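# Residue-level structural notes
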Amino acid sequence: MTERLDYFDAYQQRFDARVVAIEERNGAPAVILDRTCFYPTSGGQLHDTGFLDGVAVNDVVVEQGVIMHLLTAPPPFSPGAAVAGVIDWSRRYDHMQQHSGQHLLSQLIYQRFGFETVSVHFGREESTLDLDVAALPASFMQEVELAANELAYYALDIRAYFIDDAAVSLLPLRRPPAVSGQIRIVEIDGFDYSACGGTHVHTTAEIAPIKLVRQERRRNQTRLTFLCGLRAFRDYADKARSLAECAALFSADAAAVPALVQKMQLQLRELEKSNTELQQQMLAHIVADLIERAPRVDGVAVVEHCSASAPLETLKQMATLLRAQPQVVGLLASTAGDKVNVVFCRSDDASIHVGDLLREALAHFGGRGGGRPEYAQGGGAPVDAAADVLAYARQQLIQKH
Ligand SMILES: [Zn+2]
């Protein structure tokens, strides 16, 4: 068993210890000390990082009470040596704020709503707690967030101590302890008693601000994501900055941004609608003009049009307009986006099979495609051959008549 200094003083950052053994875990040197401040990943809380005699510790695990410090490089010391350890305090203190915040939130939610916390997870960016309820009341998020922050400012003492099984039964624990014998209790001054091996702040004042980020339903439970302390502050700062940037774009107050965005969305939708209408009108004019100027083959207008900018969708729209007119064959191509799109079409009263015509013409230039007698599309020909594909198709069409 490794002596756990963190159990008695979560604020201790430096310590001296003796090396008991050096093993290997996950391909890394795993140092066992007689005592340590390093918290191992356990109870939902992430491990500490830091240094042992200047060598970085990037993972800490516990095996039957023995703490393993996983190093990033071979240790410059041997078993029996005295070493100095130091933990990354900002990382540890962040974990303490999140973990103490979870105890406070779980008890507060239980007292106000009767929902129990069934599991917790402390992540690098966000932490979550799962409640034994499928849906939360509408007022839940706002109410809990406000009450949690108010409670935090009472600066209630948070203490950790060991008691035995018999004494545990006298405490109003939210959940029964997972271990027996000597049990470590983390108490928020008469408010919450939890059997917990984690590291905690001295008073609830160090947890604030507390922010409930979101809720998600997970089967018959609800997952609550929260941020405490500096994490919540940073989140607030980031969000405030984003909102201020948005407000500056509108030259408005931050509070006016949602209504302005909504108004802009409506305007955009109207503009898109009128733009579509205008485009259709314009296409109708272009198509009418193309038909008028098109050469006739046996009374059929052969419209040939190659565009450098029209997307495939526009070619399709043009085909629809062409097909609506009598006695028309449309040979359309586009080289937009350095890609050849070819669409052939004809009116129902014209007799040519444009599917065959398109397949043949594209194949001649290394492309491919095909379709029905009255409509076909394809591509794959070199961009600089697009106009030639159409000319070739026109020649074929003339020859066949
Ligand atoms: Zn805990």
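Residues numbered from 1 in each chain as written. Predicted model: local features only at pLDDT ≥ 70, side-chain atom pairs only at ≥ 80, totals over all residues. Heavy atoms only, no water.

### Observations regarding helix H2 (residues 140–152)
As a reminder of what qualifies: Elements are defined by DSSP. Helices are runs of H or I of four residues or more, strands are runs of E of two residues or more, and each kind is numbered from the N terminus. Here a helix's expected span is defined as the number of its residues, less one, multiplied by 1.5 Å. Here, two residues are considered to be in contact whenever any of their heavy atoms come within 4.5 Å of each other.
With 13 residues, H2 should cover 18 Å at 1.5 Å per step; its first-to-last C-alpha distance of 18 Å lies within 8% of that length. Next to the buried residues of H2 lie helix H1 (89–113), strand E10 (127–131), strand E14 (210–218) and strand E15 (221–228).

### Brief notes about the packing of aromatic side chains
Note the following rule: Think of it this way: a Phe, Tyr or Trp ring, Trp meaning its six-membered ring, pairs with another when their centres are within 6.5 Å, and the plane angle makes it stacked under 30 degrees, edge-to-face over 60, tilted otherwise. Exposure categories follow from relative accessible area, calculated using a 1.4 Å probe and restricted to protein chains: below 20% of the type maximum is buried, above 50% is exposed, and the middle band is partly exposed.
On inspection of all chains with the given rule, the structure shows 10 aromatic pairs. With centroids separated by 5.6 Å and ring planes inclined at 65°, the aromatic side chains of Tyr7 and Phe162 adopt a geometry described as edge-to-face. Here the residue Tyr7 occupies a position in the loop between strand E1 (3–4) and strand E2 (14–25), and Phe162 occupies one in strand E11 (residues 158–163), the gap between them amounting to 155 residues. Overall, Phe162 belongs to the partly exposed group, its relative accessible area being 32%. Members of the aromatic cluster, connected to one another through ring pairs, are Tyr7, Phe8 and Phe162.

### With respect to the side chain of Thr49
Summarising the element assignment, Thr49 is placed in the loop between strand E4 (35–36) and strand E5 (50–52). The exposure class assigned to Thr49 is buried, which follows from its relative accessible area of 16%. Excluding its chain neighbours within four sequence positions, the residues that come into contact with Thr49 are Phe38, Val57, Asn58, Val86, Ile87, Asp88 and Arg91.

### Description of the pairing of E15
Applicable threshold: A pair of strands counts as paired when DSSP detects no fewer than two bridges linking them.
When you tally the buried positions in E15, you get six out of eight residues, the bulk of the element. As paired strands, E10 and E15 are joined by five bridges and run antiparallel to one another. Among the inter-strand pairings, Thr128 is bridged to a residue of E15, identified as Thr225. Inspection of the sheet shows E14 paired to E15 by eight bridges, in the antiparallel sense. By the bridge assignment, Arg214 is partnered in E15 with Thr225. Hairpin connection from E14 to E15: two residues lie between these consecutive antiparallel strands, with Arg219 at a positive phi of about 50°.

### Structural notes on the packing of helix H4 (residues 229–250) against helix H5 (residues 257–293)
In plain terms, the rule: Lines fitted to C-alpha atoms define the axes here, with helix axes fitted over just the stretch in contact, and angles between the N-to-C directions of these axes take values from 0 to 180 degrees. An angle counts as roughly parallel when it lies under 35 degrees, as roughly antiparallel when it exceeds 145, as roughly perpendicular when it falls between 65 and 115, and as oblique in every other case. Rotating anticlockwise by less than a right angle from the far helix to the near helix defines a left-handed crossing, while the corresponding clockwise rotation defines a right-handed one. Any residue that is not Ala, Val, Leu, Ile, Met, Phe, Trp, Tyr, Cys, Pro, Asp, Glu, Lys or Arg is counted as polar, Gly included; the first ten are nonpolar and the last four charged.
Their axes nearest at 10 Å, the elements H4 and H5 cross at an angle of 55°. As judged from the angle between their axes, H4 and H5 are oblique. Between H4 and H5 lies a crossing whose hand is left-handed. From H4, Leu243, Cys246, Ala247 and Phe250 reach across to H5, where they touch Val257, Leu260, Val261 and Met264. The residue makeup of the contact of H4 with H5, split by class, is eight nonpolar, no polar and no charged.

### A look at the sheet that holds strand E13 (residues 192–195)
Sheet architecture is open: three strands sit in the order E11-E12-E13, paired in antiparallel fashion. A single partner strand is all that each edge strand has here, and the edge strands are E11 and E13. Going across the sheet, the axis of each strand differs from the next one's by a mean of 25°, ignoring polarity. Alignment of strand E12 (residues 183–188) against E13, held across four bridges, turns out to be antiparallel. Counterpart to Ile185 in the pairing with E13 is Ala195.

### Side note on the packing of H1 against H2
Interaxial distance between H1 and H2 falls to 10 Å at its minimum, and their mutual angle equals 120°. When the axis of H1 is compared with that of H2, the two are oblique. For the element pair H1 and H2, the recorded crossing hand is right-handed. On the side of H1, the interface is formed by Leu104, Leu105, Leu108, Ile109, Arg112 and Phe113, while H2 contributes Phe140, Glu143, Val144, Ala147, Ala148, Leu151 and Ala152.

### Focus: the nonpolar core
Here is the rule: Residue types Ala, Val, Leu, Ile, Met, Phe, Trp, Tyr and Cys, when buried and joined through side-chain atoms within 4.5 Å, form a set referred to as a nonpolar core.
Counting residues in hydrophobic clusters, the biggest one holds 35 residues, and the most contacted among them are Leu105, Ile109, Leu131, Phe140, Ile210 and Leu224. At the level of elements, H1, E10, H2, E12, E14 and E15 are the ones that each hand at least two residues to this core. Of the residues forming this core, the biggest block, seven residues, is contributed by H2. Each residue touching Phe140, except ones within four places of it in the same chain, is listed here: Ile109, Phe113, Phe115, Leu131 and Leu224.

### Here we look at the domain arrangement of the protein
Keep this limit in mind: Where each domain begins and ends is defined by an automated method or by a domain database. A quick way to say it: buried area is the sum, across both parts, of accessible area lost when two parts are put together, with a 1.4 Å probe. Whenever Lys or Arg places a side-chain nitrogen within 4 Å of a carboxyl oxygen from Asp or Glu, that contact is recorded as a salt bridge.
Looking at the assigned domains, one finds that the protein contains domain 1 (3–87), domain 2 (93–238) and domain 3 (286–400). For domain 1 and domain 2, the distance between their C-alpha centres works out to 27 Å. Carbon and sulfur atoms supply 58% of the area buried between domain 1 and domain 2, which totals about 1200 Å² over both sides. The largest share of the area that domain 1 buries against domain 2 comes from Tyr7, Tyr11 and Gln45, three residues that together contribute 49% of it. The tally of links between domain 1 and domain 2 comes to zero salt bridges.

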